[in-house]
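Each chain, written out:
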Amino acid sequence: MTKQDNQFKNVIAHAKEYGYVAQSSEIYDGLAAVYDYLQNGVALKNNIREYWWKSMVQMHDNIVGIDSAIFMHPTTWKASGHIDAFNDPLIDNKDSKKRYRADVLVEDYAEKLLKKAQKEIDKAKKRFGDSFDEEQYKTTNPRVLNYLSKRKDALQRMGKYLDANRLDAVKALIEELQIVCPVSGSKNWTEVKQFNLMFGTKIGASANNSMDLYLRPETAQGIFVNFLNVQKSGRMKIPFGIAQTGKAFRNEIVARQFIFRMREFEQMEMQFFVRPGEQMKWYETWKERRLAWHLSLGLGKENYRFHKHEKLAHYADAAADIEFNFPFGFKELEGIHSRTDFDLSSHKKHSGKKIQYFDPEINKSYIPYVVETSIGLDRMFLAVFSKALQEETLENGSTRTVLRLPEVLAPIKVAILPLVKKDSLPEIARKIQTDLKLDFTVVYDEKDAVGRRYRRQDAVGTPFCITVDHQTIEDETVTLRYRDSMEQKRLKIDQLKTIVSKEVKMSNWLKRIHL
Ligand code: GAP
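Everything numeric here is computed off the predicted structure, so don't read it as measured data. (Residues numbered from 1 in each chain as written. Predicted model: local features only at pLDDT ≥ 70, side-chain atom pairs only at ≥ 80, totals over all residues. Heavy atoms only, no water.)

**Section: the site of the ligand**
What surrounds the ligand is a group of 22 residues, the closest being E218, E252, M262, E269 and E332. In this structure, a nitrogen atom belonging to the ligand sits 2.9 Å away from a side-chain N or O atom of E372. Take G376: an N or O atom from its main chain is 2.9 Å from an oxygen atom of the ligand. Against a free-state accessible area of 550 Å², the protein chains account for coverage of 93% of the ligand. Sorting the residues of the shell around the ligand by element identifies β10 (264-274), β13 (329-340) and β16 (369-376) as the ones contributing at least two each. Sort the elements by how many residues they give to the shell around the ligand and β13 lands first, with six residues. A class-by-class count of the residues in the shell around the ligand yields seven nonpolar, five polar and 10 charged. (Near = heavy atom within 4 Å. Polar contact = N/O pair within 3.5 Å; in protein donor to acceptor, adjacent residues only side chain to side chain. Areas by Shrake-Rupley, 256 points an atom, 1.4 Å probe, with all protein chains shown as cover. Helix = DSSP H or I, 4+ residues; strand = E, 2+ residues; numbered from the N terminus. Nonpolar A, V, L, I, M, F, W, Y, C, P; charged D, E, K, R; others polar.)

So, in structure tokens, the structure goes:
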């Protein structure tokens, strides 16, 4: 098992042990690629959602939020193109009987080439020291050039073949690149086949008057079909956005990697409606704004990168992913897509409704273009959680497991710990808890030695521990312990709220992006 595999296994085990995530219906051996959020998990998820919502809706005068239904009229999915084009190209390995997404096999191959190129660059960096010019090396070193051009060629060809639905050519490419099955190690592949990812269901009581429906595979269509409702009722002027968060469902065939790829998951999407011709400007703006949102959480700039799509979805004229350095490498965390007027035009055609906008500034009616930002809440959860989980060696040689969640997102902000269970310390601690819980999520813990209690809170990710001891009785002071530095400060009880508030309050974090 590689170091990365091990690290990822720890993330999954830690998530379960500390009340974050467990497999759905686990007592019945679980359901593949479906997960439940436990007591701390739901709080972390809610906090991420709130941070996104406030940044997108509250902080933008021209963005409003909605909550549309999961069930939608089936024509929605004809109009959106999902019935015809929401497919994954799948390929089986005949020896291992494992099924893969053909495009993911090629992308993994391309990623390996990128890693090889990076290894060469890192080696040269070490060799040449301060005088090293990375850009020049990338564009002149034959070995690096060879890796990068092979990578580009593979991705471009795959994009072209998939666009033209040339599945035989995709298979031939996999064979030509000598891609082997990670399980059997063989190149014994089946044909590539398209597989629709939507879950079907029925609405209505009897067989003759029931209607076939789909569970929505994205929340975006609920926004498009409400474009006129929101624009007219809110007297919205272009450019403006509509945001929503909610569940989406995809029958993912290659469902691995914990909550990275799920069959039931949650999206946070925003459609920004703009004047035709201005979409590229807004596309760049939203790429920048979304990256700033991510960076504000302090998980490390080096853990993000943009990946421009070679193969564009049926609705897009430009698209990029914000990729994150997950425990299994850089993968898509969020998509920013310039969706043209594809969706609104198609809904106009299929519904017969006059979906358009009169722009008073230019005295013209048109169908707006759309720039979309779309992030998976569960994937964001995994990004935050996996980066936060750290094993540290302390000065005395012992180790501690600490979940360095950004304070604003931590499920529990404060733990209150009476040093002993007597001498009226529990009563004082409870009093502090009663006061602080009006503002923060607080837990009370009096079991075990205080050192063990600190470690327990470190592992849960609680940023502050307040310890009540005998000195508290004399001078109304307590110790405030910081999770990350383990520093302890002696403070007056009445100072606690202000100090904790400064670190955990969402408005202070939002300021980093918006002011
Ligand atoms: N409306 C556009 C759209 O849905 P997408 O790239 O298919 O675009 C957007 O999905 C985001 O949703 C992804 O970047 C990812 O974070 C999340 N996502 C997609 N499929 C997912 C899955 N099976 N499990 C968890 N998250 C998923």
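**Observations regarding the nonpolar core**
Core analysis: the biggest nonpolar cluster contains 62 residues, and Y20, V21, I48, I259, W286, F381 and L382 have the highest contact counts within it. The element best represented in this core is helix α13 (residues 377-388), accounting for eight residues. Contact partners of I259, with chain neighbours within four places excluded, come to V21, Y35, Y37, D378, R379, F381 and L382. Ranked by size, the runner-up nonpolar core spans 30 residues in total, among them A110, L113, Y147 and Y161. (Core = buried A, V, L, I, M, F, W, Y, C linked by side-chain atoms within 4.5 Å. Buried < 20%, exposed > 50% of the residue type's maximum accessible area, 1.4 Å probe, protein only. Contact = heavy atoms within 4.5 Å.)

**What to know about the packing of helix α2 (residues 39-58) against helix α18 (residues 506-514)**
Where α2 meets α18, the closest approach of the two axes is 11 Å, and the angle between their N-to-C directions is 45°. When the axes of α2 and α18 are compared, the pair comes out oblique. Here α2 and α18 pass one another in a crossing that is right-handed. In this structure, α2 uses N47, E50, Y51, K54 and S55 to contact α18, whose residues at the interface are M506, W509, L510, I513 and H514. For the contact of α2 with α18, a count of residues per class yields five nonpolar, three polar and two charged. (Axes fitted to C-alpha atoms, helices over the stretch in contact; angles between N-to-C directions. Parallel < 35°, antiparallel > 145°, perpendicular 65-115°, else oblique. Left-handed = near helix turned anticlockwise from the far one by under 90°.)

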